[in-house]
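Structural overview
The primary structure of each chain is shown beneath.
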Amino acid sequence: MKKIITSIFLIFLSFNVFAHGPSPQKVEKSITVNASPDKVWAIVKDFGGIQKWEPLVTDSKVEKKGEDTLRTLTLKSGGKVIERLKGIDEEAMKLKYEIVEGAIPVADYNSFIMVAKGSNPNESTVTWVGRFYRVYKLNPPIPAGQDDETAIKAVTEIYDAGLPGLKKLAEAK
């Protein structure tokens, strides 16, 4: 009887090993901006103005579809991304959005950008956080370009280009 129970347990355990799927990924980047939080927040909360500070975006078009506010981004690389605004919290200075579809190699991407007081007067800290999965949601073998590394690299490139662009714009005004 002990062998039967052990065998059933091992079979159950082996099925669980193969049922895993992708792990959630996260990219978090911050930058200090020599401008007041109110000034930086005015730039960040402009959902249709991301092309002013994100150099990988050449155009942004905002439209309402029912209850949803969507923005279509045209990327410098030629692709398009459609994002849905999930919320703007004026008090917390936090904008939340998600990718609905597009040319960035991620799945289930949710993000927020938050502006906070810096450690010195007239200084802000901007934090940009994205949580997502790789494109390929099944178990290995994973097709090239649909893996965790590709997804993390794409999001990191966006944040690494955008945050310095935001800093430059906020400090120039």
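Each remark here, short or long, concerns the structure printed above.
Scoring rules and cut-offs
- Residues numbered from 1 in each chain as written.
- Predicted model: local features only at pLDDT ≥ 70, side-chain atom pairs only at ≥ 80, totals over all residues.
- Heavy atoms only, no water.
- Helix = DSSP H or I, 4+ residues; strand = E, 2+ residues; numbered from the N terminus.
- Buried < 20%, exposed > 50% of the residue type's maximum accessible area, 1.4 Å probe, protein only.
- Contact = heavy atoms within 4.5 Å.
- Arc of directions from axis to C-beta.
- 1 Å grid on protein atoms, 1.4 Å probe; cavity = no way out; pocket = protein on both sides within 12 Å on 5 of 7 lines; lining within 4 Å.
- Points joined across faces, edges and corners; volume = space filled by probe spheres on them.
- Nonpolar A, V, L, I, M, F, W, Y, C, P; charged D, E, K, R; others polar.
- Pairing = 2+ DSSP bridges.
- Axes fitted to C-alpha atoms, helices over the stretch in contact; angles between N-to-C directions.
- Expected span 1.5 Å × (residues − 1).
- Core = buried A, V, L, I, M, F, W, Y, C linked by side-chain atoms within 4.5 Å.

1. Points about the overall build of the protein chain
Counting its regular elements, the protein chain contains three helices and seven strands. Sequence-ordered secondary structure for the protein chain, helices as α and strands as β, is α-β-α-β-β-β-β-β-β-α. The buried share among the 173 residues of the protein chain stands at 38%. Expressed as a percentage of contacts within the protein chain between residues at least 6 apart in sequence, the contacts between residues at least 24 apart total 52%.

2. Here's the deal with helix α2 (residues 37-44)
Looking only at α2, the buried set comprises Pro-37, Val-40, Trp-41, Ile-43 and Val-44. All buried residues of α2 lie within an arc of 160° about the axis, which places them on one face of the element. Against the buried residues of α2 lie β1 (25-33), β4 (80-89), β5 (94-102), β6 (107-117), β7 (124-133) and α3 (148-172).

3. Regarding the environment of Lys-96
Positionally, Lys-96 belongs in strand β5. Put simply, Lys-96 and Leu-85 are 11 residues apart on the chain and 6.3 Å apart in space, counted from C-alpha to C-alpha. Apart from the residues within four sequence positions on either side, Lys-96 is in contact with Arg-84, Leu-85, Lys-86, Gly-87, Ser-111 and Phe-112.

4. Some remarks on empty space enclosed by the protein
Inspection of the entire model under this criterion finds one cavity of 30 Å³ or more. Estimated volume of the largest cavity: approximately 30 Å³. Along its surface, the largest cavity is lined by Val-44, Asp-46, Phe-47, Ile-50, Trp-53, Arg-71, Leu-95 and Ile-113. In the lining of the largest cavity, the residues fall into six nonpolar, no polar and two charged.

5. Here's the deal with the sheet that holds β4
If you walk across this open sheet you meet the seven strands as β1-β7-β6-β5-β4-β3-β2, and the pairing is antiparallel. The open sheet has two edge strands with one neighbour each: β1 and β2 (57-65). Each neighbouring strand pair of the sheet contributes to a mean axis angle of 20°, computed without reference to strand direction. Note that β5 and β6 share five bridges and pair antiparallel. From the neighbouring strand, Lys-96 faces β6, where its bridge partner is Phe-112. Strands in contact with α2 are β1, β4, β5, β6 and β7; relative to β6, the strand with the most contacts, it is inclined by about 155°. Against the sheet, α3 touches β1, β6 and β7, its axis set at about 15° to β1.

6. Topic: α3
When the terminal C-alpha atoms of α3 are compared, their 36 Å separation across 25 residues agrees well with the 36 Å that a helix rising 1.5 Å per residue should span. For α3, the full list of buried residues reads Ala-151, Ala-154, Val-155, Thr-156, Ile-158, Tyr-159, Ala-161, Gly-162, Leu-163, Gly-165, Leu-166 and Ala-170. Tucked into the core, α3 has its buried residues touching β1, α2, β6 and β7.

7. With respect to the nonpolar core
Val-40, Ile-104, Val-106, Tyr-109, Val-126 and Trp-128 are the most contacted members of the largest nonpolar core, which has 35 residues in total. Broken down by secondary-structure element, the contributors of at least two residues to this core are β1, α2, β3 (68-75), β5, β6, β7 and α3. Here this core takes eight residues from α3, the largest share from any one element. If near-sequence neighbours (up to four positions away) are discounted, Val-40 is found in contact with Val-33, Ala-35, Val-115, Ser-124, Val-126, Leu-166 and Ala-170.

8. Some thoughts on the layout of surface pockets
Empty space within the largest pocket amounts to approximately 300 Å³. For the largest pocket, the lining is made up of 20 residues, of which Leu-56, Leu-75, Ile-104, Ala-154 and Ile-158 are closest to its centre. Top element by residues in the lining of the largest pocket is α3. It accounts for four residues.

9. A few points about the pairing of β3
Within β3, seven of the eight residues are buried, leaving the element largely enclosed by the surrounding structure. Across eight bridges, the pairing between β2 and β3 is antiparallel. The partner of Lys-65 across the bridge, within β3, is Asp-68. Where β2 folds back onto β3 in an antiparallel hairpin, the turn is made up of two residues, including Gly-66, whose phi is positive at roughly 65°.

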